[in-house]
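Residues per chain are reported as follows:
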There are 2 protein chains.
Amino acid sequence: MGVVIPLEEKKKPGSGGVESLVALTASGMERVNELILSKAGSDVQMIPEVANHLISSGGKRLRPMITIASAEMFGYHGEGHVKLATSVEFMHTATLLHDDVVDESDLRRSKPTARMIWGNQASVLVGDYLLGQAFKMMVEVGSLEALDVLSQASSVIAEGEVMQLAAAKNMETTEDEYLSVIKAKTAALFSAAAEVGPIIAGAGKADRGALRSYGLNLGLAFQLVDDALDYGGNAKDLGKNTGDDFREGKITLPVVLAFRRGTDEERGFWRASIEKGENSDSELEKARGLMLRYAALTDTIQRARHFGEIARDALAPLRPSPQKEALLDVVEYCVSRVS
Amino acid sequence: MGVVIPLEEKKKPGSGGVESLVALTASGMERVNELILSKAGSDVQMIPEVANHLISSGGKRLRPMITIASAEMFGYHGEGHVKLATSVEFMHTATLLHDDVVDESDLRRSKPTARMIWGNQASVLVGDYLLGQAFKMMVEVGSLEALDVLSQASSVIAEGEVMQLAAAKNMETTEDEYLSVIKAKTAALFSAAAEVGPIIAGAGKADRGALRSYGLNLGLAFQLVDDALDYGGNAKDLGKNTGDDFREGKITLPVVLAFRRGTDEERGFWRASIEKGENSDSELEKARGLMLRYAALTDTIQRARHFGEIARDALAPLRPSPQKEALLDVVEYCVSRVS
């Protein structure tokens, strides 16, 4: 007599949306939003102007919500997590300001970037200011362990950005090398955002490890889905111009996969597009065609699902809580932004 | 019978050079230099390349020497002050990297700036990396009070840079406004560098206040002398191109004074030079002539001496020590770089 093992995936809990996370963190996020406005202020008029341009540009504030949820999950009551969540969002905003300068981007979420309105100089300096404000808030919280995690993330993010710059337009970049870049430049902040929650709540080592791993892998999944969305995918919710990465000659996983799986002639096309900047609309269409032929977008999503599963398993040992369910839903949300 | 009051200035102690500070901090600075090399390292090759370009460019490392001396002055033994001193130097280096991007400078100390060799992007990102490393080191030291002082400085410096950017090329800038800028962008780091010494040594509030005030006023004096040197003065030791500030349209105190003291016609000249960029060699010569006519350079030095005196008096209540004498000598050194 045999045993029938169901091959269907275990049903994912919840709706797979961010709604439950938004609802659970509403009170904390209200205080985060107030703190963002007050700490982005300055008597130097240009600072709030530039900062608010980006802050009010409609990001979902996923990172600070994760910090709030991961602290309250372990019973934290207080204001420390609000300050740490705000610090995380400021670190993220500072990175965006500097990124747009480095990438020479004109648009972000279909709006002109800060550097297009106020110039590269203001973008560099206001980024520095927000970073300084972020560190000040962390210091106010007074947890050396949280400071350790966030300052480490700050170094790693910058290192990842330089890595990306050094690898820029280099078609020989391997998938592993690309993963190292996004682990540093994107996943490290998600990881820190999640880990400071249990730290400030005084949770144990295992809980810290669980949230750190959750954040890291969620961050990887998030970035890979973002990479696929930039080539269209079946984007449900975009908020960015498709084709930006291509036009900027950015190496992302869809490009790495299509390049490595292609013919010599096709590799010549990728070199011309990415390395030499032949990237008009007709080349973008050809790039999309090649990605389709080699399943580069669907496999990028598949890789994202892989990391999403690791993120889910990282939380598995934790006892049930609304926060845990909400964080699991976020994984599903991230990987199902594309169908 | 009258009393003869000697009108001569009280003799300044020591040689008025940096030699005694260099000698006193030699052991600490050796460890600082080792730490600089190791913490500016990274597997990402571009990071040490860019960082070392600036780090090895022959700055005097005045700021970290001040941190070492101001800790040892209060009997500190350990490695914490070495890490804080290195953090201070990294914060300074990060600021220079970002400044050169913001100012679009080609040369620093007669050498091409990092941005001319590796580009603006690398300069922005390696600056971010060094800032991250600076915060990591501070966190390792574990003093929340030192973290508070240095993170506060980090925000204030960026705020000062934005202030300077907003005031750029605006000839209506008053002396007070200019002082606010340099207080934030230069003096705040000197102040923090000096204050973290007594903090880590566990010295009292009065000692902290003394060193904080010393650093702040030394920083103001230092910057004002630098401003004068950029127009030549009677520079003994320059290491920068004279006329850079003029060619970049920077508002500095000599310009503010010459503008405000001049005729309407001369103010027209300053507007054309600074605001509209008419700044060839012949205009630079004219600018120097006007500064001479209105004693703008000598009075800038005079202002520097004023802050130098405040710095000296800040240290006055401290009991005698070799470090105290060395720090007093540094004041003299700063204001006597020009004669």
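The structure we're discussing is the one just above.
Let me sum up the structure you'll find in this document. (Residues numbered from 1 in each chain as written. Chains lettered and ligands numbered in written order. Predicted model: local features only at pLDDT ≥ 70, side-chain atom pairs only at ≥ 80, totals over all residues. Heavy atoms only, no water.)

Quick look at the interface of chain B and chain A
Listed by partner, the interface residues are 36 residues for chain B and 36 residues for chain A. Of the roughly 3,300 Å² buried where chain B meets chain A, counting both sides, 76% is carbon and sulfur surface. Considering only the surface of chain B that becomes buried against chain A, Gln-121, Leu-125 and Val-162 of chain B emerge as the three largest contributors, covering 17% of it. Put simply, chain B and chain A have zero salt bridges between them. Taken together, chain B and chain A are joined by twelve residue pairs in polar contact (both at pLDDT 80 or more). Contributions of two or more residues to the side of chain B that touches chain A are made by α3 (46-55), α5 (80-103), α6 (114-141) and α7 (144-167) of chain B. In terms of residue count, α7 of chain B provides more of the side of chain B that touches chain A than any other element does, 14 residues in total. Its residues assigned to classes, the side of chain B that touches chain A comprises 19 nonpolar, ten polar and seven charged. (Contact = heavy atoms within 4.5 Å. Buried area = accessible area lost by both parts, 1.4 Å probe. Salt bridge = Lys/Arg side-chain N within 4 Å of Asp/Glu carboxyl O. Polar contact = N/O pair within 3.5 Å; in protein donor to acceptor, adjacent residues only side chain to side chain. Helix = DSSP H or I, 4+ residues; strand = E, 2+ residues; numbered from the N terminus. Nonpolar A, V, L, I, M, F, W, Y, C, P; charged D, E, K, R; others polar.)

Quick look at helix α13 (residues 281-293) of chain B
All names here are of chain B. Taking 1.5 Å of rise per residue, 13 residues should cover 18 Å, and α13 covers 18 Å from first to last C-alpha, within 8% of that figure. Along α13, the residues classified as buried are Leu-284, Ala-287, Leu-290 and Met-291. Buried residues of α13 fall within an arc of 120° about the axis and therefore sit on the same side. In α13, the exposed positions that point more than 90 degrees away from the buried face belong to Asp-281, Ser-282, Leu-292 and Arg-293. Check the buried side of α13 and you find it contacts α10 (244-247), α11 (253-261), α12 (264-275) and α14 (296-315). Note on α13: the residue one or two positions beyond its end, Ala-295, has a positive phi of about 55°. (Expected span 1.5 Å × (residues − 1). Buried < 20%, exposed > 50% of the residue type's maximum accessible area, 1.4 Å probe, protein only. Arc of directions from axis to C-beta.)

Focus: the side chain of Arg-61 of chain B
All names here are of chain B. Relative to the helices and strands, Arg-61 resides in the loop between α3 and α4 (62-72). Polar side-chain contacts of Arg-61 include one of 2.3 Å to the side chain of Asn-33. Non-local contacts of Arg-61, meaning those with residues more than four positions away in its chain, are made with Met-29, Asn-33, Ile-36, Ile-55 and Glu-89.

A closer look at the packing of helix α3 (residues 46-55) of chain A against helix α5 (residues 80-102) of chain A
All names here are of chain A. Interaxial distance between α3 and α5 falls to 10 Å at its minimum, and their mutual angle equals 100°. The angle between the axes of α3 and α5 places the two elements in the roughly perpendicular class. From α3, Val-50, Leu-54 and Ile-55 reach across to α5, where they touch Phe-90, Thr-93, Leu-96 and Leu-97. Considered class by class, the residues forming the contact of α3 with α5 number six nonpolar, one polar and no charged. (Axes fitted to C-alpha atoms, helices over the stretch in contact; angles between N-to-C directions. Parallel < 35°, antiparallel > 145°, perpendicular 65-115°, else oblique.)

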